[in-house]
Amino acid sequence: MLVRLFQTRSELITWCRDQASRPLHFVPTMGSLHRGHQQLLRRAAEPVPEGRPVVLLSVFVNPLQFGTGEDFARYPRDLAADAALAAEAGAAALFAPSAEELFPGGEEELTRVIPPSSLRRTLCGPLRPGHFEGVATVVCRLLALVRPDRLLLGEKDWQQLIILRRVVADLALPVTVQGCATVREADGLACSSRHRYLTVDERRQAAALPAALAAASSLWGSGTRSAEALTAPARQVMETAGLAVEYVEMVQPLTLSPADALEGPSLLAVAARCGSTRLIDHVFLMTRPPIVAIDGPAGAGKSTVTRAFASRMGLVYLDTGAMYRALTWWVLHQGVDPADPAAVAPLLEDLDLQLLSGAGGEQRVRVNGHEVSEAIRSPEVTALVSTVAAHPCVREALTRQQQAMGLRGGLVAEGRDIGTAVFPDAECKVFLTATVAERARRRALDLAQRGFPVPERAELEAQIAERDHLDSSRSVAPLRQAADAVELVTDGLAIDAVIQRLVDLFRERVPEDAWPGPTRVQAP
Ligand code: PAF
């Protein structure tokens, strides 16, 4: 398939307008495309809940982001080769404007976008003054012309990705930013257009970058945590190979603030000159696989979407609601008064509560040898689970069991107090909710589908409001949105759209390079 080529704004705008019926996904580049760009284009072509996207890339060697003495003049340009590679990777159109076309008023008079200084003062920022301002300015200009639904950027330029996410958020631009994993050569070197500058010897030398990161990773793996003890050996690997090191820094991956002996995930980033060519790379250092906390009121559809999200991200699904339900079932089965904590407490002592995976991957729940997967969804259990779950002794016992289950990380836990009480250090916290009316509508549908009597809508709404009140007003671990949780209101959203939103929120916090998930296979 051939790619459509536009060189003027008016051609571009007309074409973009014609694509209105499909999601438009945009990959900005400076051309000289390589396998990394092609992977970005392939990812951009992947279907989303809104449909099969149409993919546009731009090729523009942006003068605003090059400093004096940098390689603007010699940056490799080959539009014909780029068009062929883009077509092969599934792009529908390519926008390749001249500087006059993109900045018709000239560079001097251009309105500029200045990203926050906290994100510019580490890593490449101090060494490339004006660079990120140039990147933010051109990307905003391109976004304004293209108006895409999704903007895809490589994680290879991690600082750029963090900065552009921030610019998009601060300017409330209506686009979802998606970062994609770094594509590497066989020896580990991250793909870059600048490799074309390297001589054969330099190309061999450049492998010291990934080797330096591997050395730091292996130290991290054996328990080294201080920034100095990790960066010094990485520097040495590069210097020994003859590279001129510009920086080796350890920072917090999302704020980019310098990190020393961080317990959470860290980013170790390097920049070095190989001959006259500047190369950058980084590695994420994690103490454990990520944890996602999904809280929210009853009936917001948490279980369905959380289960699907967990399997899409290759995380274990921890349904804490099912645990409270199983205990409630056991309380009823034992004929104990659910409202009496003194009567419930002894049942916690030898409670054997297990969440298992069934043959078809579905969740099975066992309590003290009883298979209760279906029974815990009955209206009797539903009516009493809040009462049982409000006892401090119950919260304590089940929180302890959940924390033990989460020790190794790599899970999504769903409940009422996951982000606040169970896993306050979760990497990604979401408060999933829906209006009472919407939840009553869904509950009626669910009851009818499972053959239970369906109360009047007003009665269902009253039950849900009462449940919310109980859950949020109990003294121990009340239902509350964690300060660092993102609220996601699911009214009017199809299940697939909610799952996609969770994936996007997760990816804002956890890079693909740190946690690729199960389905990411790199194209050869
Ligand atoms: O990453 C790049 O190639 C450039 O910085 C970008 C995002 C296309 C802006 O010119």
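Residues numbered from 1 in each chain as written. Predicted model: local features only at pLDDT ≥ 70, side-chain atom pairs only at ≥ 80, totals over all residues. Heavy atoms only, no water.

Caption draft 1: Spatial organisation of the nonpolar core. Of all hydrophobic cores here, the largest spans 48 residues; its most connected members are L12, W15, L56, F95, L102 and L151. Per-element accounting of this core gives the leading share, 10 residues, to helix α6 (residues 131-146). Setting aside its immediate chain neighbours within four residues, L56 contacts L12, W15, C16, L24, H25, F26, V27, A93, L94, F95 and V146. Core analysis: the next-biggest nonpolar cluster, separate from the first, contains 35 residues, Y324, A326, L327 and A389 among them. (Core = buried A, V, L, I, M, F, W, Y, C linked by side-chain atoms within 4.5 Å. Buried < 20%, exposed > 50% of the residue type's maximum accessible area, 1.4 Å probe, protein only. Helix = DSSP H or I, 4+ residues; strand = E, 2+ residues; numbered from the N terminus. Contact = heavy atoms within 4.5 Å.)

Caption draft 2: Molecular detail of the site of the ligand. Contacts to the ligand come from P28, T29, M30, N62, Q65, V135, V138, V139, D157 and Q160. At a separation of 2.6 Å, an oxygen atom of the ligand approaches a polar side-chain atom of Q65. Q160 places a side-chain nitrogen or oxygen 2.7 Å from an oxygen atom of the ligand. Summarising the interface, the protein chains cover 88% of the accessible area of the ligand, which totals 280 Å² for the free molecule. Breaking the shell around the ligand down by element, the ones donating at least two residues are β2 (24-29) and α6. Looking at the shell around the ligand, the element that brings in the most residues is α6, giving three residues. Among the residues making up the shell around the ligand, the classes are represented as five nonpolar, four polar and one charged. (Near = heavy atom within 4 Å. Polar contact = N/O pair within 3.5 Å; in protein donor to acceptor, adjacent residues only side chain to side chain. Areas by Shrake-Rupley, 256 points an atom, 1.4 Å probe, with all protein chains shown as cover. Nonpolar A, V, L, I, M, F, W, Y, C, P; charged D, E, K, R; others polar.)

Caption draft 3: Seen up close, the pattern of salt bridges. Counting across every chain of the model gives 29 salt bridges. When the shortest N-O distance is used, the salt bridge between E70 and R128 registers 2.6 Å. Placement of the pair is E70 in the loop between β3 (54-59) and α3 (79-88) and R128 in the loop between α5 (117-120) and α6, with a sequence separation of 58 residues. In this structure E70 comes out as partly exposed when scored by relative accessible area, which is 28%. Between R204 and D201 there is a salt bridge, with its nearest N and O atoms 3.1 Å apart. Taken together, the residues R204 and D201, both in helix α8 (residues 200-206) and three residues apart, mark about one turn of the helix. Summarising the burial analysis for this pair, R204 and D201 share the class exposed. (Salt bridge = Lys/Arg side-chain N within 4 Å of Asp/Glu carboxyl O.)

Caption draft 4: A look at the side chain of Q178. As for its position among the elements, Q178 is in strand β6 (residues 176-180). A polar contact of 2.8 Å, which involves the side chain of Q178, links it to the side chain of R150.

Caption draft 5: View of the sheet that holds strand β9 (residues 277-285). With antiparallel pairing, the three strands of this open sheet are ordered in space as β7-β8-β9. The open sheet is flanked by β7 (244-251) and β9, the only strands paired with a single partner. Put simply, the sheet's adjacent strands are angled 10 degrees from each other on average, direction ignored. Taken together, the nine bridges between strand β8 (residues 266-274) and β9 define a ladder with antiparallel strand orientation. (Pairing = 2+ DSSP bridges. Axes fitted to C-alpha atoms, helices over the stretch in contact; angles between N-to-C directions.)

Caption draft 6: View of the side chain of R507. Take R507: it is sitting in helix α19 (residues 495-509). With residues up to four places along the chain from it excluded, the contact list for R507 reads R165, M313, E512, W515, P516 and G517.

Caption draft 7: View of the packing of helix α17 (residues 436-449) against helix α18 (residues 457-473). With their axes 9 Å apart at the nearest point, α17 and α18 run at an angle of 115 degrees to one another. Accordingly, the angle class assigned to the pair α17 and α18 is roughly perpendicular. In this structure, α17 crosses over α18, and the sense of that crossing is right-handed. On the side of α17, the interface is formed by V436, A437, R439, A440, R441, R443, A444 and L447, while α18 contributes R457, L460, E461, I464 and D468. Counted by class, the contact of α17 with α18 contains seven nonpolar, no polar and six charged residues. (Parallel < 35°, antiparallel > 145°, perpendicular 65-115°, else oblique. Left-handed = near helix turned anticlockwise from the far one by under 90°.)

Caption draft 8: Highlighting a negative patch on the surface. Together, E100, E107, E108 and E109 make up a negatively charged patch on the protein surface. Structurally, E100 can be placed in helix α4 (residues 99-102). Residue E100 is classed as exposed on the basis of its relative accessible area, which comes to 60%. (Patch = residues over 30% accessible without salt bridge, like charges linked within 9 Å, V, L, I, M, F, W, Y side chains within 5 Å. Lys, Arg positive; Asp, Glu negative; His and termini not counted. Charge placed at Lys NZ, Arg CZ, Asp CG, Glu CD.)

Caption draft 9: Just helix α2 (residues 35-44), in detail. Along α2, eight of the 10 residues are buried, which leaves the element largely enclosed by surrounding structure. The complete set of buried residues in α2 reads G36, H37, Q38, Q39, L40, L41, R43 and A44. Where the residues of α2 are buried, they touch β2, β3, α3, β5 (150-154) and β6.

Caption draft 10: Region of the structure containing empty space enclosed by the protein. By the definition in use, this model includes one cavity of 30 Å³ or more. The volume enclosed by the largest cavity comes to roughly 30 Å³. C428, K429, V430, V486, L505, E508 and R509 together form the lining of the largest cavity. Of all elements in the fold, only β16 (428-433) and α19 reach the threshold of two or more residues within the lining of the largest cavity. For the lining of the largest cavity, a count of residues per class yields four nonpolar, no polar and three charged. (1 Å grid on protein atoms, 1.4 Å probe; cavity = no way out; pocket = protein on both sides within 12 Å on 5 of 7 lines; lining within 4 Å. Points joined across faces, edges and corners; volume = space filled by probe spheres on them.)

Caption draft 11: Representation of the sheet that holds β2. Pairing is parallel in the open sheet, where six strands are placed in the order β1-β4-β3-β2-β5-β6. The open sheet has two free edges, formed respectively by β1 (4-6) and β6, since each of these has just one partner strand. Recorded for the sheet is a direction-independent mean angle of 25 degrees between the axes of neighbouring strands. Across three bridges, the pairing between β3 and strand β4 (residues 93-95) is parallel. Bridging from a neighbouring strand, L56 pairs with A93 of β4.

Caption draft 12: Quick peek at unusual backbone geometry. Positive phi values are uncommon outside glycine, yet L123 reaches one of about 50 degrees. With respect to the helices and strands, L123 occurs in the loop between α5 and α6. The phi angle at L256 is positive, at roughly 65 degrees, despite the residue not being glycine. Mapping L256 onto the fold places it in the loop between β7 and β8. What makes L256 buried here is its relative accessible area of 0%.

Caption draft 13: View of the packing of aromatic side chains. Summed over the entire model, instances satisfying the criterion amount to seven aromatic pairs. On the numbers, 5.8 Å between centres and 75 degrees between planes, the contact of F66 with Y75 is edge-to-face. Aromatic pair W329 and W330: ring centres 6.5 Å apart, planes at 25 degrees, arrangement stacked. A relative accessible area of 11% places W330 in the buried class. Three or more aromatic residues link up through ring pairs in this structure, and these residues are F66, F72 and Y75. (Phe/Tyr/Trp six-rings, centres within 6.5 Å; stacked < 30°, edge-to-face > 60°.)

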